[in-house]
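Topology and contacts: notes
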Amino acid sequence: MRSILVLNPKGGCGKSTLVTTLAGYYAERGKSVVLADFDPQGSSMDWVAGRPADHPPIRAVAAWEEPLRVPKDTDYLIIDSPAAIHNHRVMGDLLRRAQSVIIPVLPSPIDMRHAARFVAEMMELRRVVNQEVKLCTVANRVRDHTLAAASLSGYLESLKLPDGHKLPFLTVLRASQNYVHAAERGLSIFEFARSATLPDREQWEPVLRWLNSTRSQP
Ligand SMILES: Nc1ncnc2c1ncn2[C@@H]1O[C@H](COP(=O)(O)OP(=O)(O)OP(=O)(O)O)[C@@H](O)[C@H]1O
Ligand SMILES: [Mg+2]
């Protein structure tokens with residue numbers, strides 16, 4: 001089983017969007033997907049509840065209030081996390097369940113400052129130092145050719161892992177109404193017409209390749 005955690009304590013950076021996009025992607029490919037929502041806001045739970053019956057089902061667990069038991073036949077466990085966690089115990093608990101961690105960051109000075117603090121905290125965690133979990137970053141909700149976009153990419157490019165290697169910065173996801181419409185309908189952009197979502201699909205390619213490679217697995 002592959003386990004993927006989307007983590008960044010900054011509210012609204014796109015955690016639930018990335019989680020539901022991935023869950024829909026793998027489900028649409030016939031994989032057995034469990035979505036564990038650790039956020040009491042329950043955005044990912046709501047997304048699964050709104051999923052049309054004629055699309056492949058996704059099992060959802062309200063993991064903030066019930067024990068997370070993952071069935072044996074699960075191919076992908078995808079974990080949504082709450083905003084505002086800085087508690088090392090909670091973070092450690094989430095990290096213990098994940099092989100791969102995706103950190104989405106938005107192109108704003110505030111989001112980048114938060115990300116800098118958060119990434120620095122992450123680099124001190126035992127599981128990260130020991131490479132028991134693999135991390136990457138993704139720039140999210142980016143408008144092309146803006147100063148903010150360039151400065152976010154430059155910043156994410158510069159991040160290092162505790163061993164001095166680069167923290168993989170995988171892709172830039174554009175700001176797109178496709179994500180908003182998909183969220184409303186319990187679907188993933190990968191379940192929309194290819195022609196309408198081509199730029200988004202292309203931007204996801206590096207993420208899907210990373211998740212499919214040993215680089216994302218301890
Ligand atoms: N690439 C994108 N393009 C357009 N809208 C986006 C994009 N990513 C996220 N959004 C929108 O931004 C809002 C916040 O995204 P999301 O809920 O995924 O963030 P979050 O990190 O899960 O927030 P929270 O910390 O509150 O759980 C949502 O309305 C979502 O539809
Ligand atoms: Mg969320």
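Everything below is about the structure printed above this text.
Described in the following lines is the structure provided in the data block. (Residues numbered from 1 in each chain as written. Chains lettered and ligands numbered in written order. Predicted model: local features only at pLDDT ≥ 70, side-chain atom pairs only at ≥ 80, totals over all residues.)

Section: the nonpolar core
Core analysis: the biggest nonpolar cluster contains 61 residues, and Ile4, Ala23, Val33, Leu35, Ile78 and Ile79 have the highest contact counts within it. Counting residues per element, this core draws most heavily on helix α1 (residues 15-28), at seven residues. In contact with Ala23, other than residues within four places in its own chain, are Val33, Leu35, Ile58, Ile78 and Ser188. (Core = buried A, V, L, I, M, F, W, Y, C linked by C-beta atoms within 7 Å. Buried ≥ 20, exposed ≤ 12 C-beta atoms within 10 Å, placed from the backbone. Helix = DSSP H or I, 4+ residues; strand = E, 2+ residues; numbered from the N terminus. Contact = placed C-beta atoms within 7 Å.)

A word on the site of ligand 1
In the vicinity of ligand 1, 19 residues are found, and the nearest of them are Gly11, Lys15, Ser16, Thr17 and Ala83. At the level of elements, α1, β6 (134-142) and α7 (177-185) are the ones that each hand at least two residues to the shell around ligand 1. For the shell around ligand 1, the residue count by class is seven nonpolar, nine polar and three charged. (Near = placed C-beta within 6 Å. Nonpolar A, V, L, I, M, F, W, Y, C, P; charged D, E, K, R; others polar.)

Side note on the pairing of β6
Where a strand is regular, its side chains alternate between the two sheet faces. Across the nine residues that make up β6, a large majority, nine, are buried. Sheet topology places strand β5 (residues 100-105) next to β6; six bridges connect them, and they run parallel. Residue Val101 lies in a different strand from β6, and its bridge partner there is Leu135. Pairing between β6 and strand β7 (residues 169-174): four bridges, direction parallel. Each bridged residue has a counterpart across the sheet, and for Ala139 the counterpart in β7 is Val172. What joins β6 to β7 is helix α6 (residues 147-157), and the crossover it makes is right-handed. (Pairing = 2+ DSSP bridges. Right-handed = clockwise from strand over helix to strand, strands pointing away.)

A closer look at the pairing of strand β1 (residues 2-6)
The buried fraction of β1 amounts to four of the five residues, a majority that puts the element mostly inside the structure. The sheet contact formed by β1 and strand β4 (residues 76-80) spans five bridges and is parallel. Bridging across to β4, Arg2 finds its partner in Tyr76. Both β1 and β5 contribute to a ladder of three bridges, which runs parallel. Bridging across to β5, Val6 finds its partner in Ile102.

Examining α7
Those residues of α7 lying buried are Tyr179, Ala182 and Ala183. Buried residues of α7 fall within an arc of 100° about the axis and therefore sit on the same side. Projecting away from the buried face of α7 at angles above 90 degrees are the exposed residues Gln177, Val180 and Glu184. If you follow the buried residues of α7, they end up packed against α1 and α2 (43-49). (Arc of directions from axis to C-beta.)

Notes on the sheet that holds β5
Pairing is parallel across the open sheet formed by seven strands, whose spatial order is β3-β2-β4-β1-β5-β6-β7. One side of each edge strand has no neighbouring strand; the edge strands of this open sheet are β3 (59-61) and β7. Here the average twist between neighbouring strands, direction ignored, is 20°. Contacts from α6 reach β5, β6 and β7, with the element oriented near 175° to β6. (Axes fitted to C-alpha atoms, helices over the stretch in contact; angles between N-to-C directions.)

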